[in-house]
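Results of the structural survey
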Amino acid sequence: MKVGFIGLGNVGGKLAGSLLRNGVDLMVFDLNPELVVDFAERGAATGGSAAQLMQDCDAVITCLPSPAACAAVVADMLPHVGAGKIWMEMSTTDADQIKAHAEAVIAAGGEAVDCPVSGGCHRAGTGNISIYAGCTRQTFDKVLPILTHMGRRILHVGDVGTSSTLKVMTNYLATMNLLSVCEALTVMKAAGMDLAMTYEAIAMSSGTSFVHETESQLILSGSRDVNFTMDLVQKDIGLFQKLADDHGVPLELSPLMIEMMTDGQKRYGERAQSDRMIERLEEATGLSVTAPGFPQELVDDEPEERGYEVKARRGA
């Protein structure tokens, strides 16, 4: 199967790299020509447009920064969709929009998969990230071999749109974790605790989380560069708030989190790294929330393995 990949940014470039590294017949496209040249030098074919990739490939994957970018790319590809063509959307975007695009693709004779990733850029680069896939079971079976080159754990979640709903939720939880970690580390610093010891105390406790075990290291090293920017955080937590509003759920933490992230953007820039939220507390207290011995960037030291389908637990 020939696979096209559109969107070679922080996450997309790593996912596409996993396909290329594992011998997939790959064609790529991005608005940044330097990213395309890099893939061409590593052996990927290149296309001049999203439309060309849909024409030339059996499956086209999109991994884009915004719902607007996704809409533009789908509009370009749609005239070339037909029987045997599959669109796979790996961005984090609005579930209703994904459903509308998928319906258009299916109406044109193609198949659609909603398959965002979760687990951090460092795992995207090693094929060890997790992937949710929303589509029919028949389509899932067709694309599973592709997905298992990019991710370790693959979960078939049901219909198109379900994956995006779940991904928005996980990013909401991750952001909440980040903000709470920032507060916890700052309070421990103010209380005179050794922060390297504090890191280990959290990591071995009921208070640990994936965010602590990854992003806390970048906070403490002073790097504050997790490859995920505040504008992307705002997009995701805004989508979660919209989901709550649409279903009449009166959230209390979510609006406060959006307000805090908005303040962070005003201070450090709309596209500042999300880990820089710790600096709001450093400025307020005059403390430096850093410690020696932590890495400047995250490295996934798990060996790469071919992915597999995760079966959801279901009651009798």
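Going by the structure above, here's the rest.
The paragraphs below set out a description of the structure included in this document. (Residues numbered from 1 in each chain as written. Predicted model: local features only at pLDDT ≥ 70, side-chain atom pairs only at ≥ 80, totals over all residues. Heavy atoms only, no water.)

Some remarks on helix 11 (residues 230-246)
Put simply, the rule reads: Numbering of helices and strands runs from the N terminus; a helix is a DSSP stretch of H or I covering at least four residues, while a strand is a stretch of E covering at least two. Helix span is expected to be 1.5 Å times the residue number reduced by one. Exposure categories follow from relative accessible area, calculated using a 1.4 Å probe and restricted to protein chains: below 20% of the type maximum is buried, above 50% is exposed, and the middle band is partly exposed. In what follows, residue pairs with any heavy atoms lying within 4.5 Å of each other are defined as contacts.
End to end, helix 11 covers 24 Å across 17 residues, agreeing with the expected 24 Å (1.5 Å per residue, within 8%). Those residues of helix 11 that fall on the buried side of the exposure criterion are Met230, Leu232, Val233, Gln234, Lys235, Asp236, Ile237, Leu239, Phe240, Gln241 and Ala244. Looking at the buried side of helix 11, the elements it contacts are helix 4 (67-77), helix 8 (162-190) and helix 12 (253-268). A positive phi of about 70° marks glycine 248, the residue just after helix 11.

With respect to the side chain of serine 163
You can see serine 163 is positioned in helix 8. Classification of serine 163 by relative accessible area gives buried; the value is 0%. In contact with serine 163, not counting residues within four places along its chain, are Asp114, Pro116, Tyr132, Ala133, Gly134 and Val157.

As for the packing of aromatic side chains
We count it as follows: Stacked, tilted and edge-to-face are the three classes applied to pairs of Phe, Tyr and Trp rings, where Trp contributes its six-membered ring and a pair requires centres within 6.5 Å; stacked means planes under 30 degrees apart, edge-to-face means over 60, and tilted covers the rest. Working rule: Lys NZ or Arg CZ, within 6 Å of ring centre, within 35 degrees of ring normal, means a charge sits over the ring.
Taken as a whole and judged by the stated rule, the model has two aromatic pairs. On the numbers, 4.0 Å between centres and 15° between planes, the contact of tyrosine 172 with phenylalanine 240 is stacked. One end of the pair, tyrosine 172, is in helix 8; the other, phenylalanine 240, is in helix 11, with 68 residues separating them in the sequence. One exposure class covers both tyrosine 172 and phenylalanine 240, and it is buried. Both rings, one in tyrosine 199 and one in phenylalanine 294, keep their centres 5.2 Å apart while their planes meet at 70°; by these two values the pair is edge-to-face. Within this pair, whereas tyrosine 199 is found in helix 9 (residues 195-203), its partner phenylalanine 294 is found in the loop between helix 13 (278-285) and strand 10 (308-310), the two being separated by 95 residues in sequence. For the cation-ring pair, arginine 42 lies above phenylalanine 39, with the distance from its terminal atom to the ring centre recorded as 4.3 Å.

Overview of the packing of helix 11 against helix 12
In plain terms, the rule: The axes used here are C-alpha line fits, helices contributing only the stretch in contact, and every angle between their N-to-C directions lies in the interval 0 to 180 degrees. The scheme is simple: roughly parallel for angles under 35 degrees, roughly antiparallel for over 145, roughly perpendicular for 65 to 115, oblique for anything else. When the near helix sits turned anticlockwise from the far one by under a right angle, the crossing is termed left-handed; a clockwise turn instead gives a right-handed crossing. Residue polarity is assigned by list, with Asp, Glu, Lys and Arg as charged and Ala, Val, Leu, Ile, Met, Phe, Trp, Tyr, Cys and Pro as nonpolar; anything else, Gly included, falls into the polar class.
Between helix 11 and helix 12, the shortest axis-to-axis distance is 10 Å and the interhelical angle comes to 160°. Relative to helix 12, the element helix 11 is oriented roughly antiparallel. Classified by chirality, the crossing of helix 12 by helix 11 is left-handed. Residues Met230, Asp231, Val233, Gln234, Ile237, Gly238, Phe240 and Gln241 of helix 11 touch helix 12, and the partners they reach there are Ser254, Pro255, Met257, Ile258, Met261, Thr262, Gly264, Gln265 and Tyr268. Looking at side-chain class alone, the contact of helix 11 with helix 12 contains nine nonpolar, seven polar and one charged residues.

Things to note about the pairing of strand 4 (residues 59-62)
Where a strand is regular, its side chains alternate between the two sheet faces. The condition is simple: Note on pairing: DSSP must find at least two bridges between two strands before they are called paired. Orient the strands so they point away from the viewer, and a crossover whose first-strand-to-second-strand path over the helix runs clockwise is right-handed.
Neither face of strand 4 is exposed, since Ala59 and Ile61 on one face and Val60 and Thr62 on the opposite face are all buried. Where strand 1 (residues 2-6) lies against strand 4, four bridges are found, and the strand directions are parallel. Among the inter-strand pairings, glycine 4 is bridged to a residue of strand 4, identified as valine 60. Note that strand 4 and strand 5 (residues 86-89) share four bridges and pair parallel. Bridging from a neighbouring strand, valine 60 pairs with tryptophan 87 of strand 5. Crossover strand 4 to strand 5 through helix 4 is right-handed.

Some words on helix 7 (residues 137-150)
This is how the line gets drawn: To obtain the bend at a residue, axes are fitted to the seven residues ending there and to the seven starting there, and the angle between these axes is taken.
With 14 residues, helix 7 extends 19 Å between its outermost C-alpha atoms, agreeing within 8% with the 20 Å of an ideal straight helix rising 1.5 Å per residue. Considering bend angle alone, the principal kink of helix 7 is centred on valine 143 and spans about 50°; proline proline 145 follows within four residues of it. Restricting attention to buried positions, one finds in helix 7 the residues Thr139, Phe140, Val143, Leu144, Ile146, Leu147, Thr148, His149 and Met150.

Description of the side chain of glutamine 273
Our working rule: Within 3.5 Å is the distance limit for a polar contact, defined as a pair of N or O atoms, with the added protein rule that one can donate a hydrogen and the other accept it, and that residues adjacent in sequence qualify only through two side-chain atoms.
Tracing the sequence through the fold places glutamine 273 in the loop between helix 12 and helix 13. A relative accessible area of 17% places glutamine 273 in the buried class. A distance of 3.2 Å separates a polar atom in the side chain of glutamine 273 from the backbone nitrogen of valine 226. For glutamine 273, the residues in contact, after removing those within four places along its chain, are Arg224, Asp225, Val226, Asn227, Phe228, Thr229 and Met230.

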